[in-house]
Amino acid sequence: MAEPVRSQTISVDVNGETYEREVDARRLLVHFLRDDLDLTGTHVGCDTGNCGACTILFDGQAIKSCMLLAVQADGTRITTVEGLAPDGEQTPLQRAFSQHHALQCGYCTPGMLISATYLLEQTPSPTEDEIRRGLQGNICRCTGYVNIVRAVQAVAEGEVG
């Protein structure tokens, strides 16, 4: 009987930088990003895929990083919230979140920003209903979502200063 694989070397592009690391076969992608790469903007909320705090772009798709193993990311391209504005300048969406008071405690904000970025890439002029559906996998316990929706609408309508 073959010995089970305990670790594997992976190579992954995260925010435009390639990382090659040996990872435990059972390590969740969210913990790899936070603990191994020190990208702590990706939050751990529920570890069950319900809250959306760990949402990242995985080969261009919005996914919850607590639902994948790090070894499944081998050869992929990942964008975390830190990668949304690599030059240090806030994106229009980040500015809109601030201007429209779309955050309070900030715990859900990275996941919301990633999900909203993905939504706007797929649907540049979403309706309010499309915005709400696009963010439905992200839970916010503070804001009531109204200002988050307004921030995304402002970006879609080009109203961010």
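Here the structure is a predicted model, which is why all the values come from computation and not from measurement.

Novice: I'm lost on the layout of surface pockets in this one. Help?
Specialist: Which parts of space are left empty comes out when a probe the size of a water molecule is rolled across the atoms. Its volume calculated, the largest pocket comes out at about 170 Å³. Lining the largest pocket are T55, A62, I63, K64, S115, Y118, L119, Q122, T123, G134, G137 and N138. For the lining of the largest pocket, the elements supplying multiple residues, two or more each, are strand 4 (61-64) and helix 3 (109-122). Of all the elements, helix 3 adds the most residues to the lining of the largest pocket, at four residues.

Novice: Explain the sheet that holds strand 5 (residues 77-79) here, please?
Specialist: Strand pairing in a sheet relies on backbone hydrogen bonds, with the paired strands running either antiparallel or parallel. Reading across from one edge, 2-1-5-3-4 is the order of the five strands in this open sheet, with mixed pairing throughout. Of all the strands in the sheet, the pair left with one neighbour each is strand 2 (17-24) and strand 4. Taken over all neighbouring pairs, the strand axes of this sheet differ in orientation by 40° on average, direction set aside. Bridge count between strand 1 (residues 7-14) and strand 5: two bridges; the pairing is parallel. For V14, the partnering residue across the bridge sits in strand 5 and is I78. Packing against the sheet, helix 1 (residues 29-36) makes contact with strand 1, strand 2, strand 3 (55-58) and strand 5, and its axis sits at approximately 115° to strand 2.

Novice: Please clarify how helix 3 should be interpreted in this entry.
Specialist: Residues that lie three or four places apart on an α-helix share one face, since the helix turns once every 3.6 residues. Compared with an ideal rise of 1.5 Å per residue, which puts 14 residues at 20 Å, helix 3 spans 20 Å between its outermost C-alpha atoms and is within 8% of the ideal. Most of helix 3 sits inside the fold, with twelve of its 14 residues counted as buried. Buried residues of helix 3: T109, P110, G111, M112, L113, I114, S115, A116, T117, Y118, L119 and L120, and no others. As for helix 3, its buried residues are in contact with strand 3, strand 4, strand 5, helix 2 (92-99), helix 4 (128-134) and helix 5 (146-156).

Novice: Can you walk me through the side chain of N138 in this structure?
Specialist: Structurally, N138 can be placed in the loop between helix 4 and helix 5. Accessibility expressed as a relative area gives 4% for N138, which makes it buried. For N138, the contacting residues outside a window of four places in its chain are C51, G52, T55, G111, M112, S115 and Y145.

Novice: Just to check I follow, could you spell out the pattern of salt bridges for this structure?
Specialist: Side-chain pairs of opposite charge can arise whenever the charged atoms involved come near each other. Applying the stated rule across the entire model yields five salt bridges. Of the charged contacts in the structure, one is a salt bridge between R27 and D36, with a shortest N-O distance of 3.0 Å. For D36, a relative accessible area of 29% translates into the label partly exposed. It is possible to trace a salt-bridge network through shared partners that takes in R27, D35 and D36.

Novice: Is there a simple way to explain the nonpolar core in this structure?
Specialist: Proteins that are soluble and globular tend to have nonpolar side chains buried together. L93, F97, M112, L135, I148 and V152 are the most contacted members of the largest nonpolar core, which has 24 residues in total. Among the secondary structure elements, those contributing two or more residues to this core are helix 2, helix 3 and helix 5. When residues of this core are assigned to their parent elements, the largest contribution, seven residues, is made by helix 3. One finds V12, V14, L33 and V71 within the second-largest nonpolar core, a separate group that totals 18 residues.

Conventions we followed
Residues numbered from 1 in each chain as written. Predicted model: local features only at pLDDT ≥ 70, side-chain atom pairs only at ≥ 80, totals over all residues. Heavy atoms only, no water. 1 Å grid on protein atoms, 1.4 Å probe; cavity = no way out; pocket = protein on both sides within 12 Å on 5 of 7 lines; lining within 4 Å. Points joined across faces, edges and corners; volume = space filled by probe spheres on them. Helix = DSSP H or I, 4+ residues; strand = E, 2+ residues; numbered from the N terminus. Pairing = 2+ DSSP bridges. Axes fitted to C-alpha atoms, helices over the stretch in contact; angles between N-to-C directions. Contact = heavy atoms within 4.5 Å. Expected span 1.5 Å × (residues − 1). Buried < 20%, exposed > 50% of the residue type's maximum accessible area, 1.4 Å probe, protein only. Salt bridge = Lys/Arg side-chain N within 4 Å of Asp/Glu carboxyl O. Core = buried A, V, L, I, M, F, W, Y, C linked by side-chain atoms within 4.5 Å.

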